[in-house]
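For reference, the chains in residue letters:
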Amino acid sequence: MKIRHSTPADLAAIQAIYAHARALMKATGNPNQWKDNRPLTSAIENDIDLHQSYVLEQDGEIVGVFSLIFGADPTYAIIEQGQWKSDLEYGAIHKIASSGKVPGIFDAILQFCEARAISLRIDTHPDNHIMQHLILSHGFSYCGLIYTDDGTIRLAYQKDLIEPADSIKNQKTTLDPRHHPSQIDPAFQKSFKDSPCI
């Protein structure tokens, strides 16, 4: 599988994948995360322009998309009911979606991102149990709650790839159990694990 920067010529294929992801979310009890129009076209185009949008290709077909963004994410400035694992410089993974045609999309994205960062942060909707399971099973720690640019809540996670010299990771926090990712049925997990979307 090949991962490359997205280009304006990829926009139609990217939007088709996001449409598939929105339909999957609605079918699996998560209708509010991306609703009918997210990610916004303007946000996708901005990521492409800034060379922080990527597509995954298999045999010439785009089968996945995500953004890897370095620098301070404004939605991560405030975290509630917890704290970040560390204050290492991080890459934020956003807008993950898959066509559902090829297995291993999330694995490939994580491998790509881990090769380029010393710490990674990611977030997902409280109703997105599929993504919560994938994130935790790939070594991320649940950190607390953040809010997106439209004011909606997200579960936030971090994975450090080096040991921080001045880490806050050993400070104890109390996390609200109502927002801790829940277990999902293994059969349900198997059906959708290769169609991630955050």
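Just above sits the structure.
The notes below deal with the structure included here. Not measured: the values here are computed from a predicted model.

## Description of the overall build of the chain
Counting its secondary structure elements, the chain contains five helices and seven strands. By the burial criterion, 47% of the 198 residues in the chain qualify as buried. If you take every contact in the chain between residues at least 6 apart in sequence, the share linking residues at least 24 apart comes to 73%. Surface exposure of the chain reaches about 9700 Å², of which carbon and sulfur atoms provide 51%.

## Some remarks on the nonpolar core
Counting 28 residues, the largest nonpolar core has Phe66, Ile96 and Ile122 as the members making the most contacts within it. For this core, the elements supplying multiple residues, two or more each, are strand 2 (53-58), strand 3 (61-70), strand 4 (91-98), helix 3 (105-114), strand 5 (119-124), helix 4 (129-137), strand 6 (141-147) and strand 7 (153-160). Per element, the largest residue contribution to this core is seven residues, and it comes from helix 3.

## Quick word on the pairing of strand 5
A large share of strand 5 lies buried, amounting to six of its six residues. The side-chain alternation of strand 5 yields two buried faces, one formed by Ser119, Arg121 and Asp123 and the other by Leu120, Ile122 and Thr124. For the handedness criterion, the β-α-β arrangement of strand 4, helix 3 and strand 5 is classed as right-handed.

## Overview of the environment of glutamine 58
You can see glutamine 58 is positioned in strand 2. On a C-alpha basis, the gap between glutamine 58 and lysine 101 in space is 9.6 Å, while along the polypeptide they are 43 residues apart. Leave out the neighbours within four places in its chain, and glutamine 58 touches Met1, Val63 and Val102.

## Notes on the packing of aromatic side chains
Counted by the stated rule, this structure contains seven aromatic pairs. Measuring from ring centre to ring centre gives 5.8 Å for phenylalanine 66 and phenylalanine 112, while their planes differ by 75°; the resulting arrangement is edge-to-face. One end of the pair, phenylalanine 66, is in strand 3; the other, phenylalanine 112, is in helix 3, with 46 residues separating them in the sequence. On the basis of relative accessible area, phenylalanine 66 is assigned to the buried category, the value being 0%. Taking NZ or CZ as reference, arginine 116 lies 3.6 Å from the ring centre of phenylalanine 112, over its face. Positioned above the aromatic ring of tyrosine 90 is the side chain of arginine 121, whose terminal nitrogen or guanidinium carbon lies 4.0 Å from the ring centre.

## Describing helix 3
Residues three or four positions apart in an α-helix share a direction because the helix packs 3.6 residues into each turn. With seven of ten residues buried, helix 3 lies mostly within the body of the structure. Of the positions making up helix 3, those classed as buried are Ile105, Phe106, Ala108, Ile109, Leu110, Phe112 and Cys113. On its buried face, helix 3 is in contact with strand 1 (2-5), strand 2, strand 3, strand 4, strand 5 and helix 4.

## A look at the sheet that holds strand 7
The strand order across the open sheet formed by seven strands is 1-2-3-4-5-7-6, and the pairing between neighbours is mixed. What marks the edges here is a single partner per strand, and that holds for strand 1 and strand 6. When the angles between neighbouring strand axes are averaged without regard to direction, this sheet yields 30°. The pairing of strand 3 with strand 4 spans six bridges and is classified as antiparallel. Paired with valine 65 across the strands is alanine 97, a residue of strand 4.

## Brief notes about the layout of surface pockets
The volume enclosed by the largest pocket comes to roughly 580 Å³. Lining the largest pocket are 20 residues; nearest its centre among them are Arg38, His94, Lys95, Thr148 and Asp149. Of all elements in the fold, only helix 2 (41-49) and strand 4 reach the threshold of two or more residues within the lining of the largest pocket. The residue inventory of the lining of the largest pocket, partitioned by class, reads seven nonpolar, five polar and eight charged.

## Some details on helix 2
Three or more residues of helix 2 are buried, namely Ile44, Asp47 and Ile48. All buried residues of helix 2 fall inside an arc of 100° around its axis, so they share one side. Summarising the contacts, the buried residues of helix 2 are in contact with helix 1 (11-27), strand 2, strand 3 and strand 4. Just beyond helix 2, the residue with positive phi is histidine 51, at close to 60°.

The rules we used
Residues numbered from 1 in each chain as written. Predicted model: local features only at pLDDT ≥ 70, side-chain atom pairs only at ≥ 80, totals over all residues. Heavy atoms only, no water. Helix = DSSP H or I, 4+ residues; strand = E, 2+ residues; numbered from the N terminus. Buried < 20%, exposed > 50% of the residue type's maximum accessible area, 1.4 Å probe, protein only. Contact = heavy atoms within 4.5 Å. Areas by Shrake-Rupley, 256 points an atom, 1.4 Å probe, with all protein chains shown as cover. Core = buried A, V, L, I, M, F, W, Y, C linked by side-chain atoms within 4.5 Å. Right-handed = clockwise from strand over helix to strand, strands pointing away. Phe/Tyr/Trp six-rings, centres within 6.5 Å; stacked < 30°, edge-to-face > 60°. Lys NZ or Arg CZ within 6 Å of the ring centre and 35° of its normal. Pairing = 2+ DSSP bridges. Axes fitted to C-alpha atoms, helices over the stretch in contact; angles between N-to-C directions. 1 Å grid on protein atoms, 1.4 Å probe; cavity = no way out; pocket = protein on both sides within 12 Å on 5 of 7 lines; lining within 4 Å. Points joined across faces, edges and corners; volume = space filled by probe spheres on them. Nonpolar A, V, L, I, M, F, W, Y, C, P; charged D, E, K, R; others polar. Arc of directions from axis to C-beta.

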